[in-house]
Amino acid sequence: MRRRPGRTLLPALAALIPLAFLAVFFLLPVAAMIARGLHPDGRWTLGPALEVLSRPRTGRVLWFTLWISTLGTAITVLLGVPIAYVTYRLALPLTGLVRGLLVMPFVLPTVVVGIAFRSLLAKSGPLGFLGWDGSWQAILAALVFFNIAVVVRTVGGRWQSLDPRQAEAAAALGAGPWTVLRTVTLPALRPAIVSAAMVVFLFCAGSFGVVLTLGGVRYSTVETEIYLLTTNFLDLQAAAVLSLLQAAVVITLLLLTERLTAGSPNRLRGNGARQRVRRADLPHLLITTAACLFVLAPLVTLVLRSLQVGDGWGLDHYRRLTEVGSVPTLQVTVWQALLTSIRAAVDATLIAVLLGLLVSFVITRRADSAGGRRVLAALDATFMLPLGISAVTVGFGFLIALDEPPLDLRSAPLLVPIAQALVALPLVVRVVAPALRSVDPRQREAAAALGAGPWRVFWDVDRRVLLRPLLAAIGFAYAVALGEFGATSFLARPTNPTLPVVIYQLIGHPGEDYFGMALAASVILATVTAVIMTVVERLRGRSGGW
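Please read these numbers as outputs of a predicted model, since none were measured by experiment.

Rules used in this analysis
- Counting starts from 1 at the beginning of each chain's written sequence and moves along it residue by residue.
- Only residues with pLDDT of 70 or above have their local features reported here, since the model is predicted, and side-chain atom pairs are shown and tallied only from 80 upward, although totals for entire chains, interfaces and linings are computed over all residues.
- Only hydrogens and water are set aside; all other atoms, that is, all heavy atoms of the structure, feed into the side-chain values.
- For helices the rule is a DSSP run of H or I covering at least 4 residues; for strands it is a run of E covering at least 2, with both sets numbered from the N terminus onward.
- Contacts described as polar in this section are N or O atom pairs within 3.5 Å, which, within protein, must combine one atom able to donate a hydrogen with one able to accept it, while residues neighboring in sequence count only if both atoms come from side chains.
- Whether two residues are in contact is decided by their heavy atoms, any of which lying within 4.5 Å being enough.
- Residues enter patches when their relative accessible area tops 30% and they take part in no salt bridge; the joining distance is 9 Å for like charges and 5 Å for the nonpolar side chains Val, Leu, Ile, Met, Phe, Trp and Tyr.
- Accessibility throughout is a Shrake-Rupley quantity obtained with a 1.4 Å probe, and a residue counts as covered only by protein chains that appear here.
- The salt bridge definition used is simple: a Lys or Arg side-chain nitrogen within 4 Å of an Asp or Glu carboxyl oxygen.
- Burial classes: relative accessible area under 20% of the type maximum marks a residue as buried, over 50% as exposed, and values in between as partly exposed (1.4 Å probe, protein chains only).
- Nonpolar cores are built from buried Ala, Val, Leu, Ile, Met, Phe, Trp, Tyr and Cys residues. Side-chain atoms within 4.5 Å join them into one set.
- Between the rings of Phe, Tyr and Trp (Trp by its six-membered ring), a pair exists once the centres lie within 6.5 Å; its type follows the angle of the planes, with under 30 degrees stacked, over 60 edge-to-face, and the other angles tilted.
- Both a distance and an angle decide whether a charge sits over a ring: NZ of Lys or CZ of Arg must be within 6 Å of the ring centre and within 35 degrees of the ring normal.
- UniProt positions are given in the numbering used here, feature names are shortened, and annotations may be inferred rather than shown by experiment.

1. Considerations on the side chain of serine 306
Counting through the fold element by element, serine 306 comes out in helix 12 (residues 282-306). A polar atom in the side chain of serine 306 sits 2.6 Å from the backbone oxygen of valine 303. Dropping the residues within four chain positions of it, serine 306 is found in contact with Gly314, His317, Tyr318, Leu519, Ala520 and Val523.

Okay, structure coming up:
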């Protein structure tokens, strides 16, 4: 049957807009970083890059990034797998509430996570006796706190969908619980565990707000080092070299993950039925309880300390947020910064959702040829690239690539929303594309056979399954943009800072009053984010995935 020209022309046109956006605001900055790092004097050379990599401080930064990320990943996976079992496989009350509590840290802005741990571990905090304030232990604890939801959601979702008959057959043949776990369950969970571990490692290695807030200049990862080299030492070439190294490592790890999880057995025929709690489940239940307390402790401390004024309690820190000039170097009030954050997040969400819809529409089309399938797979991978590149790298790339005509956008009000949209775009695609893929292509073909054009097919078929995922994607994009700190810290102007930037500036000022204001501002930002994500979770329902 001969294809209608519109059936191939429309996806091609839809792909051009996000491709152009990606070319200008992602590939161009990356190319500028390559030129700054490896083409400094009009010729290609590895000399400057080798000089940067041979510096003693660079070696310490790379080593700290490697071991803190590895240790954080190992602890997170060891804690997250038993919790996934408890919250997704056992018949217990309130498991939904526990899952929501454990997911909350992941959606909090990283600056807020850092402030929460500082309030918990400071000398005057509840755990000040540990002496962990400003230490690597504080960074490690915050990384585990932030990422535990990744393992619980990723592994738990697969565990819930496993076909239970193979484990039951192994048990019927006399295999003990540990043998069943080792020979049946863990191999089936391997793709999810590997994928979650790799994502956690990337998040730990790319953590910016947490490390900068808790480690300062004493403990620096590659991410924070790029920021310090750019803003404190004006060493753009060294920052470019580290950004390139980071991008190469991230892309390699993503490809390695794809290879490790490809061809894994698919045993997802479970009906989500839960099993009774046994005595052998007691260690898992204890780990889950401890994890809940671990998550609650910094959040409760954050709220309580924001209300602590001297030896008493009050709303003084919140009142000072409205006073102009309450912070000497701050040109706006904290409330004005919150409004700036909200406006920028709205713009970023519009950009990310519109582009994400176009991308999802294109990559979920059904290709009839092997070449067409390869093109769609390549497009899918291309639009996921921003997910693997850190926000700091994105912000730094904007700084050095978009500063000359005809693309001198340094003073453009949309630069911050565009950077935030670039960070949120892959998440929008990952929420919307599965919904479009769930549509039976025969429905589209039947509508087209009855004479419906491409738009009418979309409206009558795709729109019906798209509404709830689209609302969830809007919530995700908005929450990510609202708390984004890495790219925004490079691009926000002093007269128009966002709230995460202001919070970081507040904790940079000595004095209890400024720290109290930072706590109060963090509570406000966390509350707004939590409300948004609660709505998102209700909209997502049982749609699965992230």
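2. Regarding the environment of glutamine 443
Relative to the helices and strands, glutamine 443 is located in helix 18 (residues 441-449). For glutamine 443 and leucine 260, which are 183 residues apart along the polypeptide, the C-alpha to C-alpha distance reads 35 Å.

3. Section: a nonpolar patch on the surface
Together, Leu296, Val300, Leu304 and Trp313 give the surface a local cluster of nonpolar side chains, amounting to about 400 Å² of exposed area. Tallying contributions element by element places helix 12 first for the nonpolar patch, with 3 residues. On the secondary structure map, tryptophan 313 appears in strand 2 (residues 312-313).

4. Description of the pattern of salt bridges
With the rule as written, the count across this model stands at 6 salt bridges. Note that arginine 319 and aspartate 316 form a salt bridge whose closest N and O atoms lie 3.2 Å from each other. Taken together, the positions of arginine 319 and aspartate 316, both in helix 13 (residues 316-320) and 3 residues apart, correspond to about one turn of that helix. What makes arginine 319 exposed here is its relative accessible area of 52%. Each of the salt bridges in this network shares a partner with another, and the network as a whole consists of Glu51, Arg55 and Asp235.

5. Focus on the nonpolar core
Of all hydrophobic cores here, the largest spans 155 residues; its most connected members are Val155 and Phe398. Ignoring sequence-local partners within four residues, the contact set of valine 155 consists of Ala84, Leu189, Ala192, Ile193 and Ala196. Of all hydrophobic cores here, the second largest spans 6 residues; its members include Met198, Phe201, Leu202 and Ala205.

6. Here's the deal with the packing of aromatic side chains
Evaluated as defined, the whole model comprises 13 aromatic pairs. Between phenylalanine 64 and tryptophan 67, the aromatic rings sit 5.4 Å apart at their centres with planes inclined by 90 degrees, giving edge-to-face as the arrangement. Of this pair, phenylalanine 64 and tryptophan 67 both sit in helix 3 (residues 56-89), 3 residues apart, which is roughly one turn of the helix. The structure contains a cluster of three or more aromatic residues connected by ring pairs, namely Phe208, Tyr227, Phe485, Phe490 and Tyr504. In this structure, arginine 99 is placed above the aromatic ring of tyrosine 88, and the distance from its NZ or CZ to the ring centre is 4.5 Å.

7. So, the UniProt feature "domain: ABC transmembrane type-1" (unreviewed entry) in the chain
Taken from the UniProt record, the annotation "domain: ABC transmembrane type-1" (unreviewed entry) applies to residues 62-255 and 338-536. Span residues 62-255 is 79% helix and 0% strand, its end C-alpha atoms 21 Å apart.

8. Some words on unusual backbone geometry
Of note in the backbone geometry, leucine 94 takes a positive phi value of approximately 65 degrees without being a glycine. Residue placement: leucine 94 occurs in the loop between helix 3 and helix 4 (95-107).

9. Focus: helix 21 (residues 499-507)
Within helix 21, 7 of the 9 residues are buried, leaving the element largely enclosed by the surrounding structure. By the burial criterion, the buried members of helix 21 are Leu499, Pro500, Val501, Val502, Ile503, Leu506 and Ile507.

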